[in-house]
Amino acid sequence: MIISQRLLSVNGLSYTIRSAMETDAQQLSDLRLQIDGETENLDRERGEAFIDVQGFEDIIKTDAESPRNLFLVAVVQDRIVGFSRCAGVYLNRFAHKVEFGVCVSQDFWGYGIGKNLLQESVAWADANHITKMTLNVMETNEKAIELYKRFGFEIEGVLKNDKVLSDGNYYNTIIMGRFKMTGA
């Protein structure tokens, strides 16, 4: 699905949040590779599950045409610095929900980009009668957990010893969900 773009200014940085376009594919491929190497909060290490330009073009095209998917980018001066995605499925028993994921370049942390990508996604879900959003977050990512709670997400479960990080230790993954009943 496509949304209208939104211009924001936070801590002196102006940026736009808009739907991804197929012409963004090269930047998205490069950015995802970069971000995977910047933090251990994500599922992948740098280079794992690499998505090339064609792969991103296909995802963007599918998401733009799907009423259950939303692919957003955050753009600073024509440079994509973050993105988020809501992905739904077409099985009838799961048609009411989407899974949310977000990535922001470390150079742009602290400007509300992740928060605003989440806010746009929640508004989109509410406007499109999607009653449940789910996500996974590392137990050590306390700032993200608190942000998600502010948007109505609750902890639904814990996957114990789910990930092993570069320090050799195992960490839990927190499963969170936001459920909003639509008008009857």
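Because the structure is a prediction, the values reported are computed rather than measured. (Residues numbered from 1 in each chain as written. Predicted model: local features only at pLDDT ≥ 70, side-chain atom pairs only at ≥ 80, totals over all residues. Heavy atoms only, no water.)

Visitor: What's the story with a nonpolar patch on the surface in this structure? I'm lost.
Guide: Together, Val-89, Leu-91 and Phe-94 give the surface a local cluster of nonpolar side chains, amounting to about 270 Å² of exposed area. In this structure, Leu-91 sits in the loop between β4 (79-88) and β5 (97-104). The exposed category is assigned to Leu-91, whose relative accessible area is 57%. (Patch = residues over 30% accessible without salt bridge, like charges linked within 9 Å, V, L, I, M, F, W, Y side chains within 5 Å. Areas by Shrake-Rupley, 256 points an atom, 1.4 Å probe, with all protein chains shown as cover. Salt bridge = Lys/Arg side-chain N within 4 Å of Asp/Glu carboxyl O. Helix = DSSP H or I, 4+ residues; strand = E, 2+ residues; numbered from the N terminus. Buried < 20%, exposed > 50% of the residue type's maximum accessible area, 1.4 Å probe, protein only.)

Visitor: Looking at this structure, I do not really get the nonpolar core. What am I missing?
Guide: Buried together is how nonpolar side chains tend to be arranged in soluble globular proteins. Core analysis: the largest hydrophobic core is formed by 33 residues, its most contacted members being Ile-113, Tyr-148 and Phe-153. Put simply, the parts of the chain that give this core at least two residues each are β2 (13-19), β3 (70-76), β4, β5, α3 (113-127), β6 (132-138), α4 (142-150) and β8 (170-179). Counting residues per element, this core draws most heavily on α3, at six residues. What Ile-113 contacts, discounting residues up to four positions off in sequence, is Leu-13, Tyr-15, Ile-17, Ala-74, Val-81, Val-104 and Phe-108. Membership of the second largest hydrophobic core comes to 15 residues, among which are Ala-25, Leu-28, Ile-60 and Phe-71. (Core = buried A, V, L, I, M, F, W, Y, C linked by side-chain atoms within 4.5 Å. Contact = heavy atoms within 4.5 Å.)

Visitor: Is there a simple way to explain the packing of aromatic side chains in this structure?
Guide: In the structure shown here, the tally under the stated rule is five aromatic pairs. Between Phe-56 and Phe-83, the aromatic rings sit 6.4 Å apart at their centres with planes inclined by 85 degrees, giving edge-to-face as the arrangement. One end of the pair, Phe-56, is in helix α2 (residues 53-65); the other, Phe-83, is in strand β4, and 27 residues separate them in sequence. You'll find Phe-56 and Phe-83 in the same group, each marked buried. A centroid spacing of 5.9 Å and a plane angle of 40 degrees characterise the contact between Phe-71 and Phe-83, whose relative ring orientation is tilted. Taken as a pair, Phe-71 in strand β3 and Phe-83 in strand β4 lie far apart in primary sequence, twelve residues in all. Considered together, Phe-71 and Phe-83 belong to a single accessibility category, that of buried residues. An aromatic cluster is built from Phe-56, Phe-71 and Phe-83, whose rings are joined through pairwise contacts. (Phe/Tyr/Trp six-rings, centres within 6.5 Å; stacked < 30°, edge-to-face > 60°.)

Visitor: Any chance you could explain the pairing of β6 here in plain terms?
Guide: Within a regular beta strand, the side chains point alternately toward one face of the sheet and then the other, so they alternate between its two faces. Counting buried residues along β6, six of its seven residues qualify, which places the element largely inside the surrounding structure. Relative to β6, β5 runs parallel, the two sharing three bridges. Across the sheet, Val-98 pairs through a bridge with Met-133, a residue of β6. A crossover connection joins β5 to the parallel β6 through α3; in handedness this β-α-β unit is right-handed. Two strands pair when backbone bridges link them, and β6 and β8 are joined in this way by seven bridges, in the antiparallel orientation. What sits directly across from Lys-132, in β8, is Phe-179. (Pairing = 2+ DSSP bridges. Right-handed = clockwise from strand over helix to strand, strands pointing away.)

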